[in-house]
Amino acid sequence: MNAPLALAAPVSSFSEASVLPVARPIIRFERVEKTYAARRGHPPVTALADISLDVPEAAILGVIGRSGAGKSTLIRLVNGLEKPSSGRITVDGVDVGALAETALRRERRSIGMIFQHFNLLARRTAFGNVALPLEIAGVPAAEIKARVEPLLDLVGLADKRDRYPAELSGGQKQRVGIARALATRPRVLLSDEATSALDPETTDQILALLRKVKSELNLTVLLITHEMAVIKAVADRVAVIDGGRIVEEGATYEVFARPRHPTTRSFLSALTGQSLPPQIADRLTAEPGDNRAAVLRIVFTGTHATDPVLSRVSRLLAVDVNIIQAQVDEIAGAPFGVIVISVPGDAPTVAAVRNAVERLHLSAEVLGYV
Ligand code: ADP
Ligand code: MG
């Protein structure tokens, strides 16, 4: 009964991804620990413990974690605002933790950063804010003009050139922040909760802009967030940070398809389509038991997200498949579907269904039994 399935098997994005060459890491954390010294009445805080993490060239790596997980510390280590207690952080081979102040200031020109609250100067226009890092770097006025105007154009603010921050919306302010971060032509862009102060629609526009500038300028981006929706919209890779440790890391697709750590699962459950309907969730048990049905989560990725896989499985295995939930979504611009089904819960049937799904290079996970 396997032969027709084998003939029908599509090439999934998982197998395509596995043959892609691995890009060179641009930002690299090697066994990094960061402990803040004790202060009056406060014990020392280990904000980061044993962090090893690579951001590949021209990729967007999203780091997601709850408040206090160590995200801001992680990003501040990259531009040298904090020094590691041990371990090494390199940016394109340069050990940023070891740089003296002058060298660090020069290195920061190749590392742009954007912030949650934009950090614009109220008394400078959009043009003046974008020009600031160039003025500090001693770039002549004519060249500043020649560089700032195309940047304002790139972020869609050519007509707001002479506006002050108070005259701009949140999204426009963040566009100024992005143009300013790009003024010194960095190779690396750091984003610390850059969309957390924006409404959902503006967030989508800013995230789309980040993807655009990343591709046009071949940037390597490290962004931190507490929202899985941000990861889903832009990140090629994701790292989940919890209590100062990376608990899970991988291509966003694969982490969404096969989350392993409870923290990752809980972030995913906040996204629509990732949590079970309550009437199923309340009855779900880990034990198979008599006459129980097995609940499976199947993830469809890449161009096969809409393949009629289920009907094929159902027909070929001659088992009843009930669809509990189905959703087709997008991750970093590519289709991604999640279907939750129930099938008869006896071990041979569950094994046959899983086997059939996995032969199609899709992942099937048994969530439990009802
Ligand atoms: P996040 O950005 O994920 O909210 P942070 O990196 O800001 O997390 O903080 C991680 C931990 O380090 C928290 O327990 C925080 O209180 C502590 N921390 C951050 N900055 C300092 C500091 N300058 N001095 C002492 N403790 C700090
Ligand atoms: Mg923070």
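All values reported here derive from a predicted model rather than from experimental measurement.

### A closer look at the overall build of the protein chain
Looking only at helices and strands, one finds 14 helices and 14 strands in the protein chain. The dimensions of the protein chain, computed from C-alpha atoms along their principal axes, are 75 × 50 × 40 Å. Across the 370 residues in the protein chain, those meeting the buried criterion constitute 49%. Considering only residue pairs separated by 6 or more positions, the protein chain has 71% of its internal contacts joining residues 24 or more positions apart. For the protein chain, the accessible surface area stands at approximately 17300 Å², while carbon and sulfur atoms represent 52% of it.

### With respect to the packing of aromatic side chains
Under the criterion given, the structure shown has two aromatic pairs. Pairing Tyr253 with Phe336 gives two aromatic rings, centres 5.9 Å apart and planes at 50°, and the pair type is tilted. Pair noted here: Tyr253 is in helix α10 (residues 252-257) and Phe336 is in strand β13 (residues 334-344), with a separation of 83 residues, a long-range link. For the pair formed by Tyr253 and Phe336, the shared burial category is buried. Judged by centre distance (5.9 Å) and plane angle (90°), the ring pair of Phe256 and Phe336 falls under edge-to-face. Of this pair, Phe256 sits in helix α10 while Phe336 sits in strand β13, and the two are 80 residues apart along the sequence. Note on Phe336: relative accessible area 1%, which makes it buried. Members of the aromatic cluster, each reached through a chain of ring pairs, are Tyr253, Phe256 and Phe336.

### Quick word on helix α5 (residues 126-136)
Along an α-helix, a turn takes 3.6 residues, which lines up residues three or four apart on a common side. Among the eleven residues of α5, eight are classified as buried, and the element is accordingly described as predominantly covered. Those residues of α5 that sit buried are Ala126, Phe127, Gly128, Asn129, Val130, Ala131, Leu132 and Leu134. Packing partners of the buried residues in α5 comprise α6 (141-154) and α7 (170-182). Once α5 finishes, Gly138 follows within two positions and takes phi at roughly 80°, a positive value.

### Some words on the side chain of Thr195
Checked against the element boundaries, Thr195 lands in the loop between β7 (188-192) and α8 (200-217). Setting aside anything within four residues of it in sequence, one finds Thr195 in contact with Thr203, Ile206, Leu207, Glu227 and Val230.

### So, the site of ligand 1
As a matter of local geometry, ligand 1 sits amid Tyr36, Arg39, Val45, Ala47, Arg66, Ser67, Gly68, Ala69, Gly70, Lys71, Ser72 and Thr73. With respect to ligand 1, the backbone of Gly68 contributes an N or O atom lying 2.7 Å from an oxygen atom. Between ligand 1 and Gly70, the relevant distance is 3.0 Å, taken from an oxygen atom to a main-chain nitrogen or oxygen of the residue. Those elements that place two or more of their residues in the shell around ligand 1 are β2 (45-56) and α3 (71-78). With three residues, the top contributor of residues to the shell around ligand 1 is α3.

### Brief notes about the domain arrangement of the protein chain
In terms of domains, the protein chain is made up of domain 1 (15-267) and domain 2 (272-369). Here the C-alpha centre of domain 2 lies 36 Å away from the C-alpha centre of domain 1. Contact residues are listed per partner, giving twelve residues for domain 1 and 14 residues for domain 2. When the area that domain 1 buries against domain 2 is broken down by residue, the three leading residues are Lys232, Tyr253 and Phe256, summing to 56%.

### A short note on the pattern of salt bridges
Applying the stated criterion to the full structure yields 22 salt bridges. Here Arg187 and Glu107 are joined by a salt bridge, their closest N and O atoms 3.6 Å apart. One end of the pair, Arg187, is in the loop between α7 and β7; the other, Glu107, is in helix α4 (residues 101-108), with 80 residues separating them in the sequence. Judged by relative accessible area, which is 11%, Glu107 ranks as buried.

### Here's the deal with the sheet that holds β13
Backbone-to-backbone hydrogen bonds join strands into a sheet, with any given pair of strands oriented parallel or antiparallel. Spatially, four strands are ordered β12-β13-β11-β14 in an open sheet, and the strand pairing comes out antiparallel. Each end of this open sheet is capped by a strand with a single partner; those strands are β12 (322-331) and β14 (363-369). Taken over all neighbouring pairs, the strand axes of this sheet differ in orientation by 20° on average, direction set aside. Here helix α14 (residues 347-359) sits on the sheet and contacts β11 (293-301), β13 and β14; the angle it forms with β14, its principal contact strand, is near 155°.

### Things to note about the environment of Gly170
Among the secondary structure elements, Gly170 is positioned in helix α7. Counting along the chain gives 28 residues from Gly170 to Leu198, while the straight-line C-alpha distance between them is 6.4 Å. Leaving out residues up to four positions away in the same chain, Gly170 has contacts with Phe118 and Leu198.

### Some points on α8
With 18 residues, α8 ought to run about 26 Å at 1.5 Å a step, and its terminal C-alpha atoms sit 26 Å apart, in line with that. Every buried residue belonging to α8 is among Thr202, Thr203, Ile206, Leu207, Leu209, Leu210, Val213 and Lys214, and all of these are buried. On an axial view of α8, the arc spanned by its buried residues comes to 160°, and they lie on one face. Of the residues in α8, the exposed ones pointing more than 90 degrees away from the buried face are Pro200, Glu201, Asp204, Ser215 and Glu216.

Conventions we followed
Residues numbered from 1 in each chain as written. Chains lettered and ligands numbered in written order. Predicted model: local features only at pLDDT ≥ 70, side-chain atom pairs only at ≥ 80, totals over all residues. Heavy atoms only, no water. Helix = DSSP H or I, 4+ residues; strand = E, 2+ residues; numbered from the N terminus. Buried < 20%, exposed > 50% of the residue type's maximum accessible area, 1.4 Å probe, protein only. Contact = heavy atoms within 4.5 Å. Areas by Shrake-Rupley, 256 points an atom, 1.4 Å probe, with all protein chains shown as cover. Phe/Tyr/Trp six-rings, centres within 6.5 Å; stacked < 30°, edge-to-face > 60°. Near = heavy atom within 4 Å. Polar contact = N/O pair within 3.5 Å; in protein donor to acceptor, adjacent residues only side chain to side chain. Domains from an automatic or database assignment. Buried area = accessible area lost by both parts, 1.4 Å probe. Salt bridge = Lys/Arg side-chain N within 4 Å of Asp/Glu carboxyl O. Pairing = 2+ DSSP bridges. Axes fitted to C-alpha atoms, helices over the stretch in contact; angles between N-to-C directions. Expected span 1.5 Å × (residues − 1). Arc of directions from axis to C-beta.

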